[in-house]
Amino acid sequence: MKTKTGSFSVKAKNAIRLTCFLLIFCVLFSLLTFIFRPNLAEGIHLKQYDTLQDNSLDMIYIGGSVCIVSWMPYEAWNEFGFTSYDVGISSLLAYNFQPLLDEALKTQNPGLIVVDARPFYYTTGHDYEHKYFALVLSSSMKQNTYNNFKVRYNTYKYCYEGEDVSSYFIDMMSFHGSWKSFGDQVKKADNYRKATLTDNPDLTMGFLFVKEWQKIQLGDFSSVTDASPLSETGEQSLLSFIGYLREKNLKALFVVAPYRETEEERMGYNSVKSIVEENGFDFLNANDFVQEMGLSQDADFYNDNHLNVFGAKKYTSFLGEYLREKYSLADHRSDPDYSSWDEGFKRWENQRAAVEENVDALMKSDGE
Amino acid sequence: MELVTDILRHSLFRLTSPPFLLFLLVMTVVYYSVPKKHQWKVLLAGNALFIGLYAGIMSVWQFALPLAVYLAASLIIYSVPIIIQRAGAERKKRAALIAGIACLSLLFVLFRLANSFILTINGFLPDGWRLSPISFSWIAPVGIAYFLLSGIGYIVDVYWEKYPAERSFARVALIAGFFPALVSGPIVRYDKISESLFTPHSFDYQKFKFGAERVIYGFFKKLVIADRASAVTGALFGNPETTAVPYIFGLFLFALQLYSDFSGCMDIMLGTAEILQIELPENFRRPFFARNLSEFWRRWHITLGLWAKDYIMYPLLKSKPFFELGVWCRKKFGRKLGKTIPSYVAMLALWIIIGLWHGGAPKYVFSSGILLWITIVGGQLLQPAFDKLSGFLRINRKSGAYGIFCNFRTLCLMCFAWLFFSADTLTSGAKAFIRIIRTFPGDLIHIGASAGHIIAAFKSAGYNLYDILILMFGFAVLLTVGILTEKMGFNVRQKLQDTNIAVEWFVLFFFIFFVIIFGIYGPGYNVADFIYNL
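Being a predicted model, the structure only gives us computed values, none of them experimental. (Residues numbered from 1 in each chain as written. Chains lettered and ligands numbered in written order. Predicted model: local features only at pLDDT ≥ 70, side-chain atom pairs only at ≥ 80, totals over all residues.)

1. Digging into the overall build of chain B
Phase 1 of the analysis: Each helix and strand counted, chain B has 22 helices and zero strands in total.
Phase 2 of the analysis: Since a compact globule built from 534 residues should have a radius of gyration of about 24 Å, the 25 Å found for chain B is in line with a globular shape.
Phase 3 of the analysis: Principal-axis analysis of the C-alpha atoms gives chain B an extent of 70 × 70 × 60 Å.
Phase 4 of the analysis: Each of the 534 residues in chain B was classed as buried or not, and the buried ones make up 40%.
Phase 5 of the analysis: Within chain B, contacts between residues separated by at least 24 positions form 73% of all contacts whose residues are at least 6 apart in sequence. (Helix = DSSP H or I, 4+ residues; strand = E, 2+ residues; numbered from the N terminus. Rg over C-alpha atoms; globule rule 2.2 N^0.38 Å. Buried ≥ 20, exposed ≤ 12 C-beta atoms within 10 Å, placed from the backbone. Contact = placed C-beta atoms within 7 Å.)

Put into structure tokens, the structure is as follows:
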């Protein structure tokens, strides 16, 4: 009997030891995963989306970097009174639209989805150059969901095929290489932690401020009516996404935001346009309205592909007006339930003014 | 569900990838949960799963065909000894033996050597006459080169009546393809392993811990050292402009890479077996402490060396032709040479077979066979001269310094062999050797440029100073553990166990997270196969 008790006690001790060891391992592993994740501003914005009050958005603008630097949700609130959020990340790939939107719709029920149409053109199915941001997307989305798994699998399938798929499901495996900048990672992780707090005052509704500026040369391809085929993956992703929008009974507008477009790209967008319109959705290539927006190629861009903070304001005004007229989005400015948007706008305006000042200084210094 | 199936289908099952760790966890839980009399059946199922998963599960065929080859080979290994045992006449026994060995050798040639032979022959043929390579490799189960040798050993043992043939096919199949011995060996002996395979085992925390520690150490060797060094050696050897000093540096680094890779794999596998309380033979015994090449080969890939001696060299020496050769040599060259010449010829056969076993290409036959034979035989023949020389120079051969010199000399000789082993072909190995000779004097004069070349190789691999420090740390750990074990008889795991739990856990967590953070794996890196994965 004594031996049995002794043996039981040894077994119990060992079981406790093993459990403690595994617990410590899990804690350390989670902590390191948190530190080693990229924790980029755009990832933070995706995370901040979860802090929004449920069903408080009238519109979601989904897309790649163009979406997050072109559409100013607070500016649109101030001018038109509807609420919106930029759900996007740099280099968003066409096949990741559906899981990203599906995840976003779990807490919101917007009346309109504005879709950045460019990724349907640039997604090829061999998207190795966009792999990093695809991984950033999966690490920034809500974890352990079907949509997150889907994004991770897509990343493996289209950006890295041939390697071990399982490593795409463990962020530590994807990002452990960032040990070379461990100090920066710790700082970024701390910023991330602060920024994703529920009462974070620096919420920009997904808009990313970029303190850069560059002169560009815009082309006019409004007369180009020919269409060039999309890549197989791009087209399939577009059709699948359209099917999803229909299934969810969502209104959607596909948009190409202003940038230095090429003729070849315009032909690709014409393909997107015909597919979108054939399926009963709307399409708008904003490059055809550069004059109406009052965009200046000398002042309103920060590189060939993106508007700067001045350009984004003009684009938001133009597109906001278009949306209000065409989709009758509600004006909540006098609704006390939305008072937080007024407060948010004031803080955001200060941030914007600071960035505008910065960009202005850049332009002046270049002029000198 | 479709997504889950897709993810599973694309999972790459390798020793250093998460699916293997999951497999090991499931195996351990199931193994210790089932009634003890069924434990060996769990291992058998583990074999089948391991072989199938290693081949891949993109299609049913990809999973099933290697499994079928494994079962077919197991059937040969099972039935031939029974036939031998039942055959009355020696002639029939011998015929069964030869047929069994021939069948297994044919499988080996078909799956491992065919393409090497074709590629070698193509080298001599003009355009238009070249043969197209046949790829059977995807059908070959992992570790076929190892379990066929084990199987041949078993057949021969039964023929020699060392022990009786096993009556159960399932048991033979379990021993033949015991999964921890598949990826890079060790080559198991049926009589030695069967007892621990079929003995019931209760979960033992101590053994589990020791096994897990060994697995972690294996991961450290493979992912932190070997795979990190691999990118640099690749950059150095792959650049036709690499001159003598950088190339020689690359060869020493390759020695570190090869040892960390191969022994790392052994640690993972032997640790896995230890978790399951199955005793597998050691395959390494700190080879770089060897004072000469013969000793090196008694410490490196131990089970292959022993297998080759037992089943190739000794039977050859006892055979009639060798006996007659000995008689003839004694008449012609006297008693001493009459005794040694047949043994050198048998050794040549042994080394050629080892070279062929490494892959069949001429570079393997030369670097892992003939060259080593020349060096060992040459060393033995010149031994009297060396003895005289060291006497003349008054060298104390028992001193530590002389021991270190011998260790270094052995390492240099092995690096010379690995120059050809690491090259794409024998010819490119020879060209590299000529380049080393040609550029060596210039490199000594422009040593700064050589150092720059080495740094450039690190940079081209995407490494910085920290990576160099990590490699140095890895080397220091290997060296420290080696010296403690070799010179002081230190059992590191036992010592760790004897310290207080805080120190023990600190060391364990340190190594686990060192591997997780600094290992070369994950997106952007390929899951590198083990070099000795035959």
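2. Description of the overall build of chain A
Phase 1 of the analysis: Helix and strand counts for chain A stand at 15 helices and seven strands.
Phase 2 of the analysis: The globule rule puts the C-alpha radius of gyration for 368 residues at 21 Å, and the 23 Å found for chain A is close to it.
Phase 3 of the analysis: Along the three orthogonal principal directions, the C-alpha set of chain A runs to about 90 × 45 × 45 Å.
Phase 4 of the analysis: In chain A, buried positions account for 46% of the 368 residues.
Phase 5 of the analysis: Sequence-distant contacts, at least 24 apart, represent 85% of the contacts inside chain A between residues at least 6 apart.

3. Some remarks on unusual backbone geometry
Phase 1 of the analysis: Phi is positive for Asn39 of chain A, close to 50°, though the residue is something other than glycine.
Phase 2 of the analysis: Locating Asn39 of chain A in the fold gives a position in the loop between α1 (2–36) and α2 (41–48).
Phase 3 of the analysis: Residue Asn39 of chain A is classed as buried on the basis of its 27 C-beta neighbours within 10 Å.
Phase 4 of the analysis: The residue Arg394 of chain B is not glycine, and still its phi comes out positive at about 55°.
Phase 5 of the analysis: Judged by local crowding, Arg394 of chain B falls into the exposed class, with 6 C-beta atoms found within 10 Å.

4. A word on the environment of Gly111 of chain A
All names here are of chain A.
Phase 1 of the analysis: Considering the arrangement of structural elements, one finds Gly111 in the loop between α5 (97–104) and β3 (112–116).
Phase 2 of the analysis: Sequence separation of Gly111 and Ser328 is 217 residues, and the distance between their C-alpha atoms is 9.5 Å.
Phase 3 of the analysis: Among residues more than four places away in sequence, those in contact with Gly111 are Asp58, Met59, Lys251, Tyr327 and Leu329.

5. Some remarks on the confidence of the model for chain B
Interpretation of the predicted coordinates at a detailed level should be avoided for regions scoring low in pLDDT.
Residues and elements named next belong to chain B.
Phase 1 of the analysis: Here chain B shows a mean pLDDT of 88. Residues at 70 or above account for 97%.
Phase 2 of the analysis: Element-level pLDDT for chain B is lowest in helix α1 (residues 2–10), with a mean of 75, against a maximum mean of 95 in helix α22 (residues 501–518).
Phase 3 of the analysis: On the interface metric, ipTM, the complex scores 0.84, and its pTM is 0.87. (pLDDT = per-residue confidence, 0-100.)

6. Let's talk about the packing of helix α3 (residues 39–55) of chain B against helix α4 (residues 60–86) of chain B
Residues and elements named next belong to chain B.
Phase 1 of the analysis: Two elements in contact, α3 and α4, have axes whose closest approach is 8 Å; the angle formed by their N-to-C orientations is 130°. As summarised for this structure, α3 and α4 are arranged oblique, according to the angle between their axes. Here the hand of the crossing between α3 and α4 comes out right-handed. On α4, the residues that touch Ala48, Ile51, Gly52 and Ala55 of α3 are Gln62, Phe63, Pro66, Leu67 and Tyr70.
Phase 2 of the analysis: Looking at the contact of α3 with α4 residue by residue, the class counts come to seven nonpolar, two polar and no charged. (Axes fitted to C-alpha atoms, helices over the stretch in contact; angles between N-to-C directions. Parallel < 35°, antiparallel > 145°, perpendicular 65-115°, else oblique. Left-handed = near helix turned anticlockwise from the far one by under 90°. Nonpolar A, V, L, I, M, F, W, Y, C, P; charged D, E, K, R; others polar.)

7. Structural notes on the sheet that holds strand β2 (residues 84–88) of chain A
All names here are of chain A.
Phase 1 of the analysis: Strand order in the open sheet made by the five strands is β2-β1-β3-β4-β5, with parallel pairing throughout. Looking at which strands have only one partner, the edges of the open sheet turn out to be β2 and β5 (282–285). On average, each strand axis in the sheet is inclined to that of its neighbour by 20°, with strand direction left out of account.
Phase 2 of the analysis: Pairing of strand β1 (residues 59–63) with β3, which is carried by four bridges, proceeds in the parallel orientation. (Pairing = 2+ DSSP bridges.)

8. Section: the nonpolar core
Soluble globular proteins tend to pack their nonpolar side chains together in the buried interior.
Phase 1 of the analysis: In this structure, Ala73, Ile77, Leu148, Ile175, Phe178 and Trp418 of chain B are the most contacted members of the largest nonpolar core, which totals 132 residues.
Phase 2 of the analysis: Ranked by residue count, the leading element in this core is helix α10 (residues 244–275) of chain B, at 18 residues.
Phase 3 of the analysis: Dropping the residues within four chain positions of it, Phe178 of chain B is found in contact with Leu43, Asn47, Val188, Ile193 and Leu197 of chain B.
Phase 4 of the analysis: Counting 89 residues, the second-largest nonpolar core is a separate cluster that includes Ile68, Val136, Leu253 and Val272 of chain A. (Core = buried A, V, L, I, M, F, W, Y, C linked by C-beta atoms within 7 Å.)

9. So, the pairing of strand β4 (residues 252–256) of chain A
All names here are of chain A.
Phase 1 of the analysis: Counted residue by residue, β4 has five buried out of five residues, so it is predominantly covered.
Phase 2 of the analysis: Neither face of β4 is open: one carries Ala252, Phe254 and Val256, the other Leu253 and Val255, and all of them are buried.
Phase 3 of the analysis: The sheet contact formed by β3 and β4 spans four bridges and is parallel. By the bridge assignment, Val115 is partnered in β4 with Phe254.
Phase 4 of the analysis: Direction of pairing for β4 relative to β5: parallel, over a ladder of four bridges. Bridging across to β5, Val256 finds its partner in Asn285.

10. Section: the environment of Ser139 of chain A
Residues and elements named next belong to chain A.
Phase 1 of the analysis: Mapping Ser139 onto the fold places it in helix α7 (residues 131–140).
Phase 2 of the analysis: Since 23 C-beta atoms lie within 10 Å of it, Ser139 is described here as buried.
Phase 3 of the analysis: In this structure, the C-alpha to C-alpha distance between Ser139 and Glu321, residues 182 residues apart in sequence, is 35 Å.
Phase 4 of the analysis: Residues in contact with Ser139, not counting those within four places in the same chain, are Arg37, Pro38, Gly43 and Asp171.

11. Some remarks on the domain arrangement of chain B
Residue and element names in this part refer to chain B.
Phase 1 of the analysis: For chain B, the assigned domains are domain 1 (2–202), domain 2 (205–280 + 425–534) and domain 3 (288–422).
Phase 2 of the analysis: Once you take the C-alpha centre of each, domain 1 and domain 3 turn out to be 30 Å apart.
Phase 3 of the analysis: With 13 residues of domain 1 at the interface, the matching set in domain 3 holds ten residues.
Phase 4 of the analysis: When residues of the side of domain 1 that touches domain 3 are traced back to their parent elements, those giving at least two are α5 (90–122) and α6 (144–159).
Phase 5 of the analysis: Residues that form the side of domain 1 that touches domain 3 fall into these classes: eight nonpolar, four polar and one charged. (Domains from an automatic or database assignment.)

12. Describing helix α17 (residues 400–422) of chain B
All names here are of chain B.
Phase 1 of the analysis: With 23 residues, α17 extends 32 Å from end C-alpha to end C-alpha; this agrees with the ideal 33 Å at 1.5 Å per step.
Phase 2 of the analysis: Along α17, the residues that are buried comprise Thr410, Met414, Ala417, Trp418, Leu419, Phe420, Phe421 and Ser422.
Phase 3 of the analysis: Those residues of α17 that are buried are in contact with α9 (205–238), α10, α11 (293–299), α15 (362–381) and α18 (426–445). (Expected span 1.5 Å × (residues − 1).)

13. Section: the interface of chain A and chain B
Phase 1 of the analysis: Opposite the 24 residues of chain A that make contact, chain B presents 24 residues.
Phase 2 of the analysis: Where the side of chain A that touches chain B is concerned, the elements lending two or more residues are α1, α8 (146–159) and α9 (171–175) of chain A.

14. Observations concerning helix α14 (residues 309–327) of chain A
What sets the pattern is the α-helix's 3.6 residues per turn: residues three or four places apart point alike.
Residue and element names in this part refer to chain A.
Phase 1 of the analysis: Between its terminal C-alpha atoms α14 stretches 26 Å, which fits the 27 Å expected from 19 residues at 1.5 Å a residue.
Phase 2 of the analysis: Within α14, the full set of buried residues consists of Val309, Phe310, Gly311, Ala312, Lys314, Tyr315, Thr316, Leu319, Gly320 and Leu323.
Phase 3 of the analysis: Ser328, located one to two residues past α14, shows a positive phi value of around 40°.

15. Overview of the packing of α15 of chain B against α17 of chain B
Residue and element names in this part refer to chain B.
Phase 1 of the analysis: Packing of α15 against α17 brings their axes to within 8 Å, and their N-to-C directions diverge by 155°. Taken together, the axes of α15 and α17 lie roughly antiparallel to each other. Crossing angle aside, the handedness with which α15 passes α17 is right-handed. Contacts between α15 and α17 involve Lys363, Phe366, Ser367, Ser368, Leu371, Leu372 and Thr375 from the first element and Leu413, Ala417, Trp418, Phe420 and Phe421 from the second.

16. Things to note about the environment of Phe34 of chain A
Phase 1 of the analysis: Position of Phe34 of chain A relative to the elements: it lies in helix α1.
Phase 2 of the analysis: Considered as a pair, Phe34 of chain A and Ser178 of chain A are 144 residues apart in the sequence and their alpha carbons are 12 Å apart.

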